[in-house]
Amino acid sequence: MDQLVFDPSKVMAIDHTRRTEYLGALLAYRTGLRTLKEVAYTPSLPDRGYNNRSLYVNVDTLEVTEKPVTQQMKDVFIGGRGFGLYHLWNAVQPTTKWNDPENEIIISPGPVCGITQYAGTGKSLVVTLSPQTEIPIDSNVGGFFGPLLKFSGFDALELQGKSTKDVILFIDGVKGLIRIDEAPEGPVDSHVLGELLTHLYAENDADLPNVSVVSTGAAAEHSLIGMLNFSFYDRRRGCVRFKQAGRGGIGTVFRDKRIRAVVCRGPKVAGDLNHPADPETIARTGIKYHKEIREQDPHQCMMRRNGTAHIVEIMNAYDLLPVHNFQFGSHPDTHKIDSSYWQQRCTQTTVDGCWYGCSMACAKGADGVVLKTGPYQGHMVTVDGPEYENAAGLGSNCGVFDPDYLLELNFYCDTYGICTITYGTLTAFIMECYQRGILNKERTGGLELTWGNAEADLEMMHQMARGTGFGKVAGLGVKKMKAHFIAQGWGDPQLINDIGMENKGLEYSQYMSKESLAQQGGYALTNKGPQHDEAWLIFMDMVNKQLPTFEAKAEALYYFPLFRTWFGLNGFCKLPWNDVVPADNSSQPEPQKVPEHVQNYVDLFTATTGIKITKEDLIMQSARVYNFQRVFNIRMGKGLRLHDAAPYRSLGPVTREEYESRTERYDKQLLDELGIDPAGKSTEEKMALHRTWRTDRFSQLMDSVYTRRGWTLDGVPTLERLRELGLDAFPEVVAVVKQFI
Amino acid sequence: MGVIVVNEEPLGWHEGMTVRDILRAKNYRFPMLIIHVNGLLIAKPDYGTTTVPDSAIVQVIHLISGG
Amino acid sequence: MKQLVIDFQKCNAGRDCAHECELECAIKVFKKDDPTLAALHIKAHEDGGGHAVICDQCGDCIVVCPSEALRRNKLGVVMLDKKVCVGCYMCIGFCEKGAFEYDPDWITPYKCTSCGVCVKVCPHGALQIVEVPEPAVRII
Ligand code: SF4
Ligand code: SF4
Ligand code: SF4
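This text gives an overview of the structure that appears in the document. If you're wondering where the values come from, they're calculated on a predicted model, not measured in any experiment.

## Focus on the interface of chain A and chain C
Facing 28 residues of chain A, the contacting portion of chain C comprises 26 residues. Regarding the contact of chain A and chain C, the summed buried area is about 2300 Å², with carbon and sulfur atoms giving 61% of it. Counting across the interface, chain A meets chain C through 0 salt bridges. Here chain A and chain C share 13 residue pairs in polar contact (both at pLDDT 80 or more) between them. Broken down by secondary-structure element, the contributors of at least two residues to the side of chain A that touches chain C are α8 (279–296) and α9 (303–306) of chain A. At 8 residues, α8 of chain A tops the list of elements feeding residues into the side of chain A that touches chain C.

Structure follows, in structure tokens:
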């Protein structure tokens, strides 16, 4: 509880005017755009959170249509991720591949998105068929695009088709026009393109914050792990910044469609554009929350200072920070990349919300970073972050503890359109393969990918952006790399499979689940793959010992994924829920749920839509969409028990070194849990005992969780569960499930 | 030497041991904790001054953040 | 910078006046005949003293405003530009003095701008506009 003391004298003084500008190509762009299609429409503002229409654009046929948002869509799917899944279901067939023209990218903000009075209310949800997992992926992203899309008159945007030339879609919610332009030759990397297009489409300087650009970067063209950047204009820095829809390769689909950017220009934002049913309740709830942040945050997580990077040192202290491809949980050099460093490196005198009204303000930025490598060598840039995931994934997990390199890796990931989480985990896998001789200098085309070799790491990233060399192999992701290495005969297949941290084809995010059975489920028993946004149960399970039985773990793996799904239906950010808690939270029943904040969310939904709900209804709303997504996975030929399998690295110690780094813990478990005396046994024998025990426990956990979720032991939602949720109204959904029952 | 139980694991006890001492001993550095000593909720400002009796049952609940 | 101050030696916390200051502020500045909508509030303490909720122009809210709607004018007074404000109410939540407020009828919040209309009407001469140095910018 020795909190870090913030020392303002250590804050770097940055001269923003020295940041590299990319407006040189503005004129060429302005004159070079060739309009392929222009359609006029009537802009509108939401009423009680909904415009009641969505926009469909086909970048191949140039069809532009408005579609009604029906009452059934609102009742069953709410918005956001729900709308995304609904549209995607209607767009694709079970045989559709990610790079078929039918595949869609859907961006939908959700009914509450766009209010400005509560923290974390500017999120868009992006859904597509993932090139990595071949099932729907959903990503929750900040930036101004979602709210501006809503204030331009649409509750969702569907992008379908494949263009033969690079196009830019422009939605002007002020003038009421939608334009598809053929883009001139030019940059694709986000930090250049985002700045250029923001200035191109804004009418004047005051209009800059009303423009948001969705784009990706060069690496999305040559890898399966491309992400999307959603921009927002940072007035104080005078620069365009980005939040990322990272996971699952959405950026890859975007470039496969030859979309260079989607730009929305909305009206000037005011506090009432979402036209909620009960603005007073929203105002009251928002002000109460802002006060809570002011009073509590300095004594709790200090999110306003550090953003999520504050957990770097926490995870390290609890032996949970992924180090060297999730082998170990802490490292003596962690202090070089923990929040005491970032506090000084990130500019502190500014407002870092990724949407108006976010008093949690986690979107930190490091200004004045001069790049050392790559095509932008020597440029001075602003780097977003680093967030915890970046510091852990690009940093400790790969043994990179040099903060300057970490920022550079972070920067290039962002501008090239690479998911940092994915990149961190796949690089950690590559480096471990290198350590164990599965890879060597010859096989990597000369890259010495040893732990902590940030230069080789960066070169691999540049290769990924150029589509050359080993970078191209890396861009396939862990799952395809495993198959490739095994096919080449480069190592023991079991070892390769054990240490490749992916499930369903998606790379694990940056937490160590090895010692928490509940978290093993929290990662593997997910809809889209191992991202911690469904459940983060490590403390509850491993440290607090609050989930002693399979039933207790299953209950947590029922409640939290559903609760957290709800953020994505409505356009909320998860962080303001539990990265600060009210002063009296500790005396509440079930403090983990942060009951007062749950009530805030219930109130905000009701006050926005005018539909009265309870906290139980909230869970039901999520359960509909969650189960629909599970059935969607099954429809795509996945989504069964076998697809929830977890790599052994996520369940227990794969190697001798791992076991021996925690001998005391593991030996004790043998004695206490298995009743086996470890004395006299070799490490290999003990590891084998653990493996059987841990694998078996994971399987038992699956049984308990599936049962609690109302699924068969094969992971299929039962007809009864579908009826309970009202999903039996969709014959196609029922038909998918029937094949398995 | 006495023993207390912290999150279901034994920990050596000494005379005058405070809640803060427990947090140090366990390296519990997370800022959002809920601590009960023998069922009694201890407020954060009192961590340094609340002494823990021998054989106490201590629960240190870590809330969730980040994630 | 110009700051409105109150002298509780002179002001009896409304016990022997009709809260002329609040009423005048509400009517003249906000065109509302309702003293609860004034930008200053004088409250009587149980023990006899008084307490005033007034903006002292400290500038904390300037730091938290995401839209740069708050700036100091030439007199150092913190002013809100309604055309720029996005109605997020962070200024309200972060003002330690509770001096930023909102009226459900408006989208943008309001506070005291040291205009001094209240000073003129106080029967006890308890209010005053004074010139004080601007405080340093605080990171919050
Ligand atoms: S907490 Fe961070 S990510 Fe969430 S809305 Fe606020 S600034 Fe954005
Ligand atoms: S409204 Fe509050 S925070 Fe803003 S200047 Fe006045 S006293 Fe300071
Ligand atoms: S309500 Fe307006 S003035 Fe206040 S912080 Fe928000 S944008 Fe700024």
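Once you've had a look at it, read on.
## Remarks on the packing of helix α13 (residues 403–416) of chain A against helix α15 (residues 454–466) of chain A
All names here are of chain A. Two elements in contact, α13 and α15, have axes separated by 10 Å at closest approach and are oriented at 10 degrees. In terms of axis orientation, α13 runs roughly parallel to α15. Within the contact between the two elements, α13 uses Tyr405, Glu408, Leu409, Tyr412, Cys413 and Tyr416 and α15 uses Ala454, Glu455, Asp457, Leu458, Met461, His462 and Ala465. Considered class by class, the residues forming the contact of α13 with α15 number 9 nonpolar, 1 polar and 3 charged.

## Some thoughts on unusual backbone geometry
Phi angles above zero are rare outside glycine, and Phe326 of chain A is one such case at about 60 degrees. Here Phe326 of chain A falls in the buried class, since its relative accessible area comes to 1%. Not every positive phi belongs to a glycine, and Gln57 of chain C is a case in point at roughly 60 degrees. Along the chain, the position of Gln57 of chain C falls in the loop between β3 (50–53) and α2 (60–64). For Gln57 of chain C, a relative accessible area of 0% gives the class buried.

## Description of the site of ligand 3
Every residue lining ligand 3 is accounted for by Cys65, Pro66, Ser67, Leu70, Leu80, Cys85, Val86, Gly87, Cys88, Tyr89, Cys91 and Pro109 of chain C. For the shell around ligand 3, the per-class residue count stands at 10 nonpolar, 2 polar and no charged.

## Considering the packing of aromatic side chains
All names here are of chain A. Tallied over the entire structure, the rule returns 49 aromatic pairs over all chains. Relative to Tyr523, the ring of Tyr508 has its centre 4.9 Å away and its plane inclined at 65 degrees; by these criteria the two rings are edge-to-face. Linking Tyr508 in the loop between β17 (506–507) and α19 (517–524) with Tyr523 in helix α19, this pair joins segments that are 15 residues apart in sequence. Ring centres of Tyr659 and Tyr666 lie 5.0 Å apart, and the angle between their planes is 40 degrees; on these two criteria the pair is classed as tilted. As far as burial versus exposure is concerned, Tyr659 and Tyr666 are alike and both buried. A network of ring pairs unites the aromatic residues Tyr118, Tyr289, Tyr559, Phe560, Phe563, Trp566, Phe567, Phe572, Trp577, Tyr601 and Phe605 as a single cluster. A cation sits over an aromatic face here: Arg691 above Tyr648, 4.2 Å from the ring centre. Across from the ring centre of Tyr558, 3.7 Å away, lies the NZ or CZ of Arg708, which sits over that ring.

## Looking at the side chain of Glu534 of chain A
All names here are of chain A. Looking at where Glu534 falls in the secondary structure, it is placed in the loop between α19 and α20 (538–543). Here Glu534 is buried and forms no salt bridge, its nearest opposite-charge partner Arg709 lying at an N-O distance of 4.5 Å. Polar side-chain contacts of Glu534 include one of 3.0 Å to the backbone nitrogen of Asn527. In this view, Glu534 contacts Gly522, Leu525, Thr526, Asn527, Phe560, Pro561, Arg564 and Tyr626; residues no more than four positions away in its chain are not counted.

## Here we look at the interface of chain B and chain A
With 25 residues of chain B at the interface, the matching set in chain A holds 33 residues. A buried area of about 2600 Å², summed over both sides, lies between chain B and chain A, and 61% of it is on carbon and sulfur atoms. Inspection of the region where chain B meets chain A yields 1 salt bridge. The partner of Lys545 of chain A in a salt bridge is Glu9 of chain B, with the nearest N and O atoms 2.9 Å apart. Applying the counting criterion to the chain B and chain A interface returns 10 residue pairs in polar contact (both at pLDDT 80 or more). When contributions to the side of chain B that touches chain A are tallied by element, the ones reaching two or more residues are α1 (19–26), β3 (33–37) and β5 (57–62) of chain B. Tallied by class, residues from the side of chain B that touches chain A come to 13 nonpolar, 6 polar and 6 charged.

Conventions adopted
Residues numbered from 1 in each chain as written. Chains lettered and ligands numbered in written order. Predicted model: local features only at pLDDT ≥ 70, side-chain atom pairs only at ≥ 80, totals over all residues. Heavy atoms only, no water. Contact = heavy atoms within 4.5 Å. Buried area = accessible area lost by both parts, 1.4 Å probe. Salt bridge = Lys/Arg side-chain N within 4 Å of Asp/Glu carboxyl O. Polar contact = N/O pair within 3.5 Å; in protein donor to acceptor, adjacent residues only side chain to side chain. Helix = DSSP H or I, 4+ residues; strand = E, 2+ residues; numbered from the N terminus. Axes fitted to C-alpha atoms, helices over the stretch in contact; angles between N-to-C directions. Parallel < 35°, antiparallel > 145°, perpendicular 65-115°, else oblique. Nonpolar A, V, L, I, M, F, W, Y, C, P; charged D, E, K, R; others polar. Buried < 20%, exposed > 50% of the residue type's maximum accessible area, 1.4 Å probe, protein only. Near = heavy atom within 4 Å. Phe/Tyr/Trp six-rings, centres within 6.5 Å; stacked < 30°, edge-to-face > 60°. Lys NZ or Arg CZ within 6 Å of the ring centre and 35° of its normal. Lys, Arg positive; Asp, Glu negative; His and termini not counted.

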